[in-house]
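Here's the letter readout for the chains.
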Amino acid sequence: MADFKSIRVIKGVKTLEIDNPTSFPLIGMGAQGAVFKLSEERCVKIYTNTLQAKMELKALKAGQHLEFFPRLYEYGKNYIVMEYFNAPTLKEYLRNSTYIPESITKKLLSILSEMKKAKFTMVDAPLRHIFVLENEELKVIDHVNAFQRVHPVPLKLLRDLNIILLKESFLTQVRKLEPGTYETWQKYFNQNKMDYRNIPVYSGGYGEGVKVDSAISQTLIGAGHQGAVYRIAEDKCVKIYGKPEHCALEKKVLLSNQKLSFIPKVHEKGENYVVMEYLVGPDLNTFLKKQTTLPLSVTERLLNILTSQKQAGFKQIDAPLRHVFVTNKGFKMVDHVFSFYFIQERPLELFQNLHERGFLEAFLEQVKVLDPKTHADWTKKPIPLTDEEAQKEIKKIPTEYRGKREHRRKRDDHRKNDRDHRRGHYRKKDHGHNKDNHKKRSGRRK
């Protein structure tokens, strides 16, 4: 079993890069490392950073007396062998539930209480890190930040419950079971309540995601290269941008296409933010992970989005799977910052996404039946399946700023012509004046 040490996990540009020469299957991957199943009882987490391995090891050692902690078996400089749980996460367990069972609430409160007694500063756990075993026994994983981040109240837990519409049910039970805990949490939220218009979001620089304030992470539902998204109501979220120019680009697309069925409804806008409808449902990438074949209905709806984009004058024709959400109102698409900014005639990222899922060939065959002309346009030259190949087809057209630059150019040309005209006029006057003076001076010398 020691050959798991030959597995290499490296931090890549967009995701982890894994070299696994063993037969141990990958069962999980996160920000700090990747997890591989060693047996029915054990798994190994291999870290990209040895410091993070030390941080989690310290937490696991401190929590070995806690029933909800995974058992620690072995560790090294960049790995930890621990207990494996073949069970659903609490997020999966509560899916489609209209209320949270009181038995689960009691166990969550017990876990939070034990974390506090163990002197952990992060008294919290997202739903995806909590496993539900038989008899509703709960186990909690991923303790890298147990002594690093300060969460005196369960911000991530409440955020996740809010997303699946169970936060109010949970808090009602907390208020009944532990009134003191409920009042402590409410006091914390009242003291730390912030107007989303003033939430700081900073650009991470070229090719990097935005930077956000972790103190308000309880409502953060996503962060990308251009902005961070916070849920501010049951049916609303706000996207706050690191750069005002990115906000201007996306506002233009959203506001000019509110009639399109796949565009989220905009409720409010500002210089660096847009409040829009919150989309309830999985993204299409997650949805297709559970499909063995590509449903024709998915192809029909994707084709409708892409043809609607073209008809509406979008310059970038694409629908990445992670940007398309399956909702009870149909498919909705987010992230339109560059829809009017790049020229892209084929859905290149969608092609790559479907290829990764093993559905590209089926998708193209279905498109060929549904819309032969579009299929012919897409396949008249080879479909690029790498980022490098795809980038060759994409052209930048900074439409938002070209007009301003053109205005400045014309203004500068006008000013230059005006200056040249005045200079020419003055030179003519000075030329004549100097000529007369020259005659006068010449006469005196004679």
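As a reminder, the structure under discussion sits directly above these lines.
Parameters and conventions
- Residues numbered from 1 in each chain as written.
- Predicted model: local features only at pLDDT ≥ 70, side-chain atom pairs only at ≥ 80, totals over all residues.
- Heavy atoms only, no water.
- Phe/Tyr/Trp six-rings, centres within 6.5 Å; stacked < 30°, edge-to-face > 60°.
- Helix = DSSP H or I, 4+ residues; strand = E, 2+ residues; numbered from the N terminus.
- Buried < 20%, exposed > 50% of the residue type's maximum accessible area, 1.4 Å probe, protein only.
- Lys NZ or Arg CZ within 6 Å of the ring centre and 35° of its normal.
- Arc of directions from axis to C-beta.
- Axes fitted to C-alpha atoms, helices over the stretch in contact; angles between N-to-C directions.
- Parallel < 35°, antiparallel > 145°, perpendicular 65-115°, else oblique.
- Left-handed = near helix turned anticlockwise from the far one by under 90°.
- Contact = heavy atoms within 4.5 Å.
- 1 Å grid on protein atoms, 1.4 Å probe; cavity = no way out; pocket = protein on both sides within 12 Å on 5 of 7 lines; lining within 4 Å.
- Points joined across faces, edges and corners; volume = space filled by probe spheres on them.
- Nonpolar A, V, L, I, M, F, W, Y, C, P; charged D, E, K, R; others polar.
- Pairing = 2+ DSSP bridges.
- Patch = residues over 30% accessible without salt bridge, like charges linked within 9 Å, V, L, I, M, F, W, Y side chains within 5 Å.
- Areas by Shrake-Rupley, 256 points an atom, 1.4 Å probe, with all protein chains shown as cover.
- Salt bridge = Lys/Arg side-chain N within 4 Å of Asp/Glu carboxyl O.
- Lys, Arg positive; Asp, Glu negative; His and termini not counted.
- Charge placed at Lys NZ, Arg CZ, Asp CG, Glu CD.

Visitor: In this structure, what is going on with the packing of aromatic side chains? I would like to understand it.
Guide: For any pair of aromatic rings, the description rests on two quantities: the centre-to-centre distance and the angle between the ring planes. One pass over the full model with this rule turns up 13 aromatic pairs. Relative to Y79, the ring of F4 lies with its centre 5.0 Å away and its plane at 75°, an arrangement referred to as edge-to-face. In this pair, F4 sits in the segment before strand 1 (8-11) while Y79 sits in strand 7 (residues 79-83), placing the two residues 75 residues apart along the sequence. Residue F4 shares its accessibility class with Y79, and that shared class is buried. The structure contains a cluster of three or more aromatic residues connected by ring pairs, namely F68, F69, F120 and F147. The residue whose ring lies beneath R231 is Y278, and the NZ or CZ to ring-centre distance is 3.8 Å.

Visitor: Would you mind showing me how to read helix 11 (residues 360-370) here?
Guide: An α-helical turn contains 3.6 residues, so any two residues separated by three or four positions project in the same direction. Along helix 11, the positions that sit buried rather than exposed are L360, F363, L364, Q366 and V367. The buried side chains of helix 11 occupy one side of the element, clustering within an arc of 165° when seen end-on. Counted as exposed and oriented over 90 degrees from the buried face of helix 11: E361 and V369.

Visitor: Explain the packing of helix 9 (residues 296-311) against helix 11 to me, please; I cannot follow it from the model alone.
Guide: Packed helix pairs are specified by the crossing angle of their axes together with the interaxial distance, meaning the distance between the axes. Where helix 9 contacts helix 11, the two axes come as close as 10 Å, and the packing angle between them is 65°. In this view, helix 9 runs roughly perpendicular relative to helix 11, as classed from their interaxial angle. Where helix 9 crosses over helix 11, the two elements pack in a sense that is right-handed. Where helix 9 approaches helix 11, its residues L296, T299, E300, L302 and L303 are matched on the opposing element by F363, Q366, V367 and L370.

Visitor: I'm lost on empty space enclosed by the protein in this one. Help?
Guide: Unfilled space is identified by rolling a water-sized probe across the atoms. For the coordinates displayed, the defined rule picks out one cavity of 30 Å³ or more. Considered as a void within the structure, the largest cavity measures approximately 40 Å³ in volume. Tallying contributions element by element places helix 3 (residues 102-117) first for the lining of the largest cavity, with three residues. Considered class by class, the residues forming the lining of the largest cavity number six nonpolar, no polar and one charged.

Visitor: What is the right way to look at the sheet that holds strand 16 (residues 273-277) in this model?
Guide: With antiparallel pairing, the five strands of this open sheet are ordered in space as 12-13-14-16-15. The sheet is open, and its two borders are formed by strand 12 (220-223) and strand 15 (266-269), each paired with just one other strand. Here the strands of the sheet are splayed against their neighbours by 20° on average, with no regard to which way each runs. Strand direction decides the pairing type here: strand 12 and strand 13 (residues 227-233), joined by three bridges, are antiparallel. In the sheet register, L220 faces strand 13, and the bridge partner there is Y230. Along the sheet, helix 7 (residues 244-256) contacts strand 14 (236-241), strand 15 and strand 16; its crossing angle with strand 16, the most-contacted strand, is approximately 35°.

Visitor: Would you take a moment to explain the pairing of strand 5 (residues 42-47) for this structure?
Guide: In summary, the side chains of a regular strand alternate between the two faces of the sheet. Counting buried positions over the six residues of strand 5 gives five, a clear majority of the element. Taken together, the five bridges between strand 4 (residues 33-37) and strand 5 define a ladder with antiparallel strand orientation. Pairing of A34 across the sheet is with I46, part of strand 5. Between strand 4 and strand 5, which follow one another and run antiparallel, lie four residues. Here five bridges tie strand 5 to strand 7, and the two strands are oriented antiparallel to one another. Looking at strand 7, one finds that R42 is bridged to E83.

Visitor: Is there a simple way to think about the packing of helix 3 against helix 5 (residues 167-177) in this case?
Guide: The N-to-C vectors of helix 3 and helix 5 enclose an angle of 65°; their axes lie 10 Å apart at closest approach. As the angle between them shows, helix 3 and helix 5 are arranged roughly perpendicular. Helix 5 is crossed by helix 3, and the crossing has right-handed handedness. Residues E102, T105, K106, L108 and L109 of helix 3 form the contact with helix 5, whose own contacting residues are F170, Q173, V174, K176 and L177. Looking at side-chain class alone, the contact of helix 3 with helix 5 contains five nonpolar, two polar and three charged residues.

Visitor: Got a minute to help me understand a positive patch on the surface in this structure?
Guide: On the surface, a cluster of positive charge is made up of K91, R95, R128 and K290. For R128, the position within the fold is in the loop between helix 3 and strand 8 (130-132).

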